[in-house]
Amino acid sequence: IRLHHCHQTRSMRSLWLLHEIGVPFEVIAYPFGPELKEPAFLARAPLGRVPLLEDGPEDARIRLSESGAICEYLCEQYDPGMLWRWPGHVERAAWLQWLHFAETLTQAHIMIQPPEARPAIIMKLEARRLEKTLGVLEAALTERDYLLPGGFSAVDTGIGWSVHFARFFTDVSVFPAVAAYHARLQGRAAFRKSLPEEGTETFLTQPFYAVP
């Protein structure tokens, strides 16, 4: 298994999940920049984005570039039974809902555009949307530690990364259940292994980005 990854991007979801599953894998890390548009990478990932997961022999290589699809694939192929909710499982529908809800929490405009290309009105709308989405999580996490009644699962890596990233753009502490959820996730060894090492250059250069 080979994961193409950029620090602090949504590919951390896949990296974290791989550490949770415990299967051997290789990571190829890139700066978040023009390296993703080089021909060698575009030959594998035509949109020039991460994550990109490769698996299988070179003559029959599987390539996946959607983090939700990567999550399902890794769980189906390698999960020992704790992280997946398979068809027929009582929590299957909720597992699928949270798996794809993770995309609702992605702040694409805030994350990709440089500061001078972020119109204040768009930033405000994105921040409002983000807060509304975190409110949905707050309600879901008020009476449980993780998103599903059965406990920690792969969907917590997707949603958990989104919450971790949201902290750069909104005050998560106003959602106490979400803040406690994030604290629990930070305590997981697999989460800590998926963070960039100290001193690694990252594209987020400050701890908080205020909305104009």
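Right above here is the structure, for reference.
What you see is a predicted model; the values in this text were computed from it and never measured.

### Description of the overall build of the chain
Then, in step 1: For the chain, the helix and strand inventory stands at nine helices and four strands.
Then, in step 2: Helices (α) and strands (β) of the chain occur, in sequence order from the N terminus, as β-α-β-α-β-β-α-α-α-α-α-α-α.
Then, in step 3: Taken over the C-alpha trace, the chain has a radius of gyration of 17 Å; the compact-globule value for 212 residues is 17 Å, and the two agree within 12%.
Then, in step 4: Across its three principal directions, the C-alpha atoms of the chain cover 50 × 45 × 30 Å.

### Quick word on the sheet that holds strand 4 (residues 62-64)
Then, in step 1: Here we have four strands laid out as an open sheet, ordered 2-1-3-4, and mixed in their pairing. Strand pairing shows two members of the sheet lacking a second neighbour, strand 2 (26-30) and strand 4, which therefore form its edges. Across this sheet, the average inter-strand angle for adjacent strands is 20°, counted without regard to direction.
Then, in step 2: On the sheet, helix 1 (residues 11-21) packs against strand 1 (2-6), strand 2 and strand 3 (52-55) and is oriented at approximately 135° with respect to strand 1.

### A look at the pairing of strand 2
Then, in step 1: Sheet topology places strand 1 next to strand 2; five bridges connect them, and they run parallel. Counted as the bridge partner of Cys-6 is Tyr-30 from strand 2.

### Some details on the pairing of strand 3
Then, in step 1: Burial of the side chains of strand 3 extends over both faces: Leu-52 and Glu-54 are buried on one face and Leu-53 and Asp-55 on the other.
Then, in step 2: With three bridges joining them, strand 3 and strand 4 adopt antiparallel strand pairing. Of the residues in strand 4, the one forming a bridge with Asp-55 is Ile-62.
Then, in step 3: Two successive antiparallel strands, strand 3 and strand 4, enclose a turn made up of six residues, where Gly-56 displays a positive phi of approximately 95°.

### A short note on the side chain of Arg-85
Then, in step 1: In this structure, Arg-85 sits in the loop between helix 3 (67-78) and helix 4 (92-101).
Then, in step 2: For Arg-85, a relative accessible area of 5% translates into the label buried.
Then, in step 3: Within the structure, the side chain of Arg-85 is placed 2.7 Å from the side chain of Glu-91, a separation counted as a polar contact.
Then, in step 4: Discounting chain neighbours no more than four positions away, the residues touching Arg-85 are Glu-91, Arg-92, Trp-95, Leu-148, Gly-150, Gly-151, Phe-152 and Ser-153.

### Concerning the nonpolar core
Then, in step 1: Ranked by internal contacts, the top residues of the largest apolar core, which has 52 residues, are Leu-74, Trp-95, Trp-98, Leu-134, Leu-137 and Ile-159.
Then, in step 2: Only helix 1, helix 3, helix 4, helix 6 (120-141), helix 7 (155-166), helix 8 (176-186) and helix 9 (189-193) provide two or more residues apiece to this core.
Then, in step 3: Grouped together as the second largest cluster of nonpolar side chains are seven residues, Cys-6, Tyr-30, Leu-36 and Phe-41 included.

### Side note on the packing of helix 1 against helix 3
Packed helix pairs are specified by the crossing angle of their axes together with the interaxial distance, meaning the distance between the axes.
Then, in step 1: Interhelical geometry of helix 1 versus helix 3 gives an angle of 10° and a closest axis separation of 10 Å. In terms of their interaxial angle, helix 1 and helix 3 are classed as roughly parallel. Each of Arg-13, Ser-14, Leu-17, Leu-18 and Ile-21 in helix 1 lies in contact with helix 3, whose residues at this interface are Ser-67, Ile-70, Cys-71, Leu-74 and Tyr-78.
Then, in step 2: Its residues placed into classes, the contact of helix 1 with helix 3 shows seven nonpolar, two polar and one charged.

### Considerations on helix 8
Then, in step 1: All buried positions along helix 8 are accounted for by Ala-177, Val-178, Tyr-181, His-182 and Leu-185. Buried residues in helix 8, looked at end-on, bunch into an arc of 140°, giving them a common side.
Then, in step 2: On its buried face, helix 8 sits against helix 1, helix 6, helix 7 and helix 9.

Parameters at a glance
Residues numbered from 1 in each chain as written. Predicted model: local features only at pLDDT ≥ 70, side-chain atom pairs only at ≥ 80, totals over all residues. Heavy atoms only, no water. Helix = DSSP H or I, 4+ residues; strand = E, 2+ residues; numbered from the N terminus. Rg over C-alpha atoms; globule rule 2.2 N^0.38 Å. Pairing = 2+ DSSP bridges. Axes fitted to C-alpha atoms, helices over the stretch in contact; angles between N-to-C directions. Contact = heavy atoms within 4.5 Å. Buried < 20%, exposed > 50% of the residue type's maximum accessible area, 1.4 Å probe, protein only. Polar contact = N/O pair within 3.5 Å; in protein donor to acceptor, adjacent residues only side chain to side chain. Core = buried A, V, L, I, M, F, W, Y, C linked by side-chain atoms within 4.5 Å. Parallel < 35°, antiparallel > 145°, perpendicular 65-115°, else oblique. Nonpolar A, V, L, I, M, F, W, Y, C, P; charged D, E, K, R; others polar. Arc of directions from axis to C-beta.

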